[in-house]
Amino acid sequence: MSGPGTLLRWTVRHGLLRLGIAAAARRGDTQARLFLDPVIRENPYPFYRQVRQTGALVRGRLMWSATRHDVVTEVLRRDAFGVHPDTVPAPRPLATLRRLSRRGMPIGPIDPPSMLVTDPPAHTRYRRLVVKVFTARAIEGLRSQVERHCADLLDELGRAAPHRGPVDLVARYASLLPVTMIAEILGVPPQLRQRFLDWGSAMSPALDLGLSLGQFRRVEAGIRQLNAWLRGHFARLRADPGDDLLSQLVLLDSDGERLTEEELVVLAGLLMAAGFETTVNLLGTGTALLLAHPEQLALLRAEPHRWPNAVEEILRYDSPVQTTARYCRTDTEVAGVRLRRGEVVVPMLGGANRDPAVFADPDRFDVTRGNARDHLAFSSGAHYCLGANLARLEGEIGLRSLFERYPDLALDGVPQRRPTRVLRGYDHLPVRLRP
């Protein structure tokens, strides 16, 4: 059940946008198809190509779109663009509705003070504190844990597989590895990890636009349950800290500065929603791509040092996060196009990663591609993904371990895409192990 506050928040965040998208679609707006057309959800790349061929920035009734790599990079890096709608003025009635809607609101991964929707200088302070713990060295130090969890999960996968029958690789492996690692980072007891998986699944549509009221209610319910558990967890960690990274963040004191309770809550939620979702999609998509391109898989078996670059090519070719949004904080110009304060630009990361001006023959999947790492799957600039190194580590070890343990792995059914549009991956990936 949900109260009037939930209805008001849905109206402000999604309901009005749904009406706008539907009205734009009726008037033939091309970009509205991105949100409504199931064909584009299944394969968005022809749509991105169409946008790129139309212009550097393409104007729709609701927003501008960009798929050129250079333009997307500029928008992501420029201070003229912000990540939260409150960075630009809104009509007084809408501003009032936004303010009222925050009463009793659970703090989710796309709510301030989340780094996803916080601009400098607040973002600068927040990120400076967090990166003291999430260093490249600290993430690399997790390698042995990732390898151990992969081995254990692959053992369980073999035991779970029915005799000669299919097994869902997403449910039995791709989703379990990242949630196990995130739970370990957050100091979550093993017996609660299934609950964390359920919360992560409930929260995953949070990054999409134009959710239905039912979807929004499920997202808020998951966020509320996670928030309540986390606040009690922080108290336990302050009294009895562990070796996990969250304990370090809870106790962090840098020149008298500490993360607030709200910042800790949204950071943990962001790790759940973004860290988990990016990796589960990377593992599922990577498996499907390598099974569909056996010559590439054979190359990796012959030259296993290429696995890190293969992960970069998977991220480029079929990005786990397809789009983001930026708000013009001031009148500005990009690629010769004048943009006014308050206008919305949608950088299409998945489209930029198929830009032929940067990636030769971009629709070809090639694990030897020399510049695969030039992709924008983890964004760019101040909001470059904090969990990128962890996702890369899990992707490399998770995929290599899977194909080493089950060299004759094969699809055994039709993969099912997720219904989300910002996040791209598989809900179900039926495979036959044949060890």
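To be clear, the structure that these remarks concern was listed above.
About the criteria used
Residues numbered from 1 in each chain as written. Predicted model: local features only at pLDDT ≥ 70, side-chain atom pairs only at ≥ 80, totals over all residues. Heavy atoms only, no water. Helix = DSSP H or I, 4+ residues; strand = E, 2+ residues; numbered from the N terminus. Rg over C-alpha atoms; globule rule 2.2 N^0.38 Å. Contact = heavy atoms within 4.5 Å. Areas by Shrake-Rupley, 256 points an atom, 1.4 Å probe, with all protein chains shown as cover. Phe/Tyr/Trp six-rings, centres within 6.5 Å; stacked < 30°, edge-to-face > 60°. Lys NZ or Arg CZ within 6 Å of the ring centre and 35° of its normal. Salt bridge = Lys/Arg side-chain N within 4 Å of Asp/Glu carboxyl O. Buried < 20%, exposed > 50% of the residue type's maximum accessible area, 1.4 Å probe, protein only. Axes fitted to C-alpha atoms, helices over the stretch in contact; angles between N-to-C directions. Left-handed = near helix turned anticlockwise from the far one by under 90°. Nonpolar A, V, L, I, M, F, W, Y, C, P; charged D, E, K, R; others polar. 1 Å grid on protein atoms, 1.4 Å probe; cavity = no way out; pocket = protein on both sides within 12 Å on 5 of 7 lines; lining within 4 Å. Points joined across faces, edges and corners; volume = space filled by probe spheres on them. Pairing = 2+ DSSP bridges. Expected span 1.5 Å × (residues − 1). Arc of directions from axis to C-beta. Core = buried A, V, L, I, M, F, W, Y, C linked by side-chain atoms within 4.5 Å. Parallel < 35°, antiparallel > 145°, perpendicular 65-115°, else oblique.

### Section: the overall build of the chain
Link 1 in the chain: The secondary structure content of the chain amounts to 19 helices and 12 strands.
Link 2 in the chain: In terms of overall dimensions, the chain is globule-like: its C-alpha atoms have a radius of gyration of 21 Å, near the 22 Å expected for 435 residues.
Link 3 in the chain: Dimensions along the principal axes, computed over C-alpha positions, put the chain at roughly 65 × 55 × 45 Å.
Link 4 in the chain: Sequence-distant contacts, at least 24 apart, represent 74% of the contacts inside the chain between residues at least 6 apart.
Link 5 in the chain: Carbon and sulfur atoms make up 52% of the accessible area of the chain, which amounts to about 18700 Å² in all.

### Some points on the packing of aromatic side chains
Link 1 in the chain: Across all of its chains, the model carries 7 aromatic pairs by this definition.
Link 2 in the chain: Pairing F196 with W199 gives two aromatic rings, centres 5.2 Å apart and planes at 55°, and the pair type is tilted. With a gap of 3 residues between them, F196 and W199 both fall in helix 12 (residues 193-203), about one helical turn apart.
Link 3 in the chain: Aromatic ring contacts, followed pair by pair, group Y45, F47 and Y48 into a single cluster.
Link 4 in the chain: The ring of W229 carries the charged tip of R236 above its face, separated from the ring centre by 5.4 Å.
Link 5 in the chain: We note R316 situated over the ring of F359; from NZ or CZ to the ring centre the distance is 5.2 Å.

### Here's the deal with the side chain of S114
Link 1 in the chain: Relative to the assigned elements, S114 resides in the loop between helix 6 (92-101) and helix 7 (122-130).
Link 2 in the chain: In this structure S114 touches G108, P109, Y126, V266 and L270, once residues within four positions along its chain are discounted.

### Details of the pattern of salt bridges
Link 1 in the chain: Applying the stated criterion to the full structure yields 28 salt bridges.
Link 2 in the chain: Note that E333 is salt-bridged to R338, the shortest N-O span being 3.7 Å.
Link 3 in the chain: Overall, R338 belongs to the exposed group, its relative accessible area being 53%.
Link 4 in the chain: A single salt-bridge network, built from bridges that share partners, covers R49, R354 and D363.

### Overview of the packing of helix 9 (residues 143-160) against helix 19 (residues 388-405)
In helix packing, the relevant descriptors are the interaxial angle and the interaxial distance, both defined with respect to the helix axes.
Link 1 in the chain: As a packed pair, helix 9 and helix 19 sit with axes 10 Å apart at the nearest point and diverge in direction by 40°. Crossing hand, helix 9 versus helix 19: right-handed. Across from R143, V146, E147, C150, A151, L154, D155 and L157 in helix 9, the residues of helix 19 making contact are L393, E394, E396, I397, G398, R400, S401, L402 and R405.
Link 2 in the chain: Residues of the contact of helix 9 with helix 19, tallied by class, amount to 8 nonpolar, 2 polar and 7 charged.

### Focus on empty space enclosed by the protein
Once rolled over the atoms, a probe with the size of a water molecule shows which space is left empty.
Link 1 in the chain: Going through the model one piece at a time under the given rule, you end up with 5 cavities of 30 Å³ or more.
Link 2 in the chain: The volume enclosed by the largest cavity comes to roughly 90 Å³.
Link 3 in the chain: What lines the largest cavity is a set of 13 residues, among which R13, I110, F216, V219 and I223 lie closest to the centre.
Link 4 in the chain: Ranked by residue count, the leading element in the lining of the largest cavity is helix 13 (residues 213-239), at 4 residues.
Link 5 in the chain: For the lining of the largest cavity, a count of residues per class yields 8 nonpolar, 2 polar and 3 charged.

### Structural notes on the environment of G387
Link 1 in the chain: Tracing the sequence through the fold places G387 in the loop between helix 18 (349-352) and helix 19.
Link 2 in the chain: In this structure, the C-alpha to C-alpha distance between G387 and T135, residues 252 residues apart in sequence, is 10.0 Å.

### Observations concerning the pairing of strand 8 (residues 344-347)
Link 1 in the chain: Alternating residues of strand 8 divide into V344 and V346 and V345 and P347, and every residue in both groups is buried.
Link 2 in the chain: Summarising the sheet, strand 2 (residues 64-66) and strand 8 pair through 3 bridges and their orientation is parallel. When the sheet's bridge partners are listed, A66 is paired in strand 8 with P347.

### Quick notes on the sheet that holds strand 2
Link 1 in the chain: Spatial ordering of the open sheet is given by 1-2-8-5-3, a layout of 5 strands whose pairing is mixed. Each edge of the open sheet carries a strand with a single partner, namely strand 1 (58-59) and strand 3 (81-82).
Link 2 in the chain: Here strand 1 runs beside strand 2; their pairing, made up of 2 bridges, is antiparallel. Looking across to strand 2, one finds that R59 is bridged to W64.
Link 3 in the chain: Along the sheet, helix 5 (residues 69-77) contacts strand 2, strand 3, strand 5 (326-328) and strand 8; its crossing angle with strand 8, the most-contacted strand, is approximately 125°.

### Some details on helix 9
Link 1 in the chain: Compared with an ideal rise of 1.5 Å per residue, which puts 18 residues at 26 Å, helix 9 spans 25 Å between its outermost C-alpha atoms and is within 8% of the ideal.
Link 2 in the chain: Buried within helix 9 are the following residues: V146, H149, C150, L153, L154 and L157. Take helix 9 and look down its axis: the buried residues cluster within an arc of 135°, on one side only.
Link 3 in the chain: Contacts from the buried residues of helix 9 go to strand 4 (167-168), helix 10 (169-174), helix 11 (176-185) and helix 19.

### Structural notes on the environment of R13
Link 1 in the chain: You can see R13 is positioned in helix 1 (residues 4-26).
Link 2 in the chain: Linking R13 and A161, residues 148 residues apart in sequence, is a C-alpha distance of 42 Å.
Link 3 in the chain: If we skip the residues at most four places from it in the chain, R13 touches M105, I110, D111 and F216.

### Side note on the nonpolar core
Link 1 in the chain: Core analysis: the largest hydrophobic core is formed by 92 residues, its most contacted members being F134, L186, F196, L402 and F403.
Link 2 in the chain: Looking at this core, the element that brings in the most residues is helix 15 (residues 261-292), giving 17 residues.
Link 3 in the chain: When near neighbours in sequence (up to four residues on either side) are disregarded, L402 contacts L154, L157, L169, Y173, T287 and L409.

### Overview of the packing of helix 9 against helix 11
Link 1 in the chain: Axis separation between helix 9 and helix 11 bottoms out at 10 Å; the angle between their running directions is 135°. Put simply, helix 9 runs oblique to helix 11. Here helix 9 runs over helix 11; the crossing is right-handed. Between helix 9 and helix 11, the residues in contact are Q145, V146, R148, H149, C150 and L153 and L176, L177, T180, M181 and E184, respectively.
Link 2 in the chain: Residues of the contact of helix 9 with helix 11, tallied by class, amount to 6 nonpolar, 3 polar and 2 charged.

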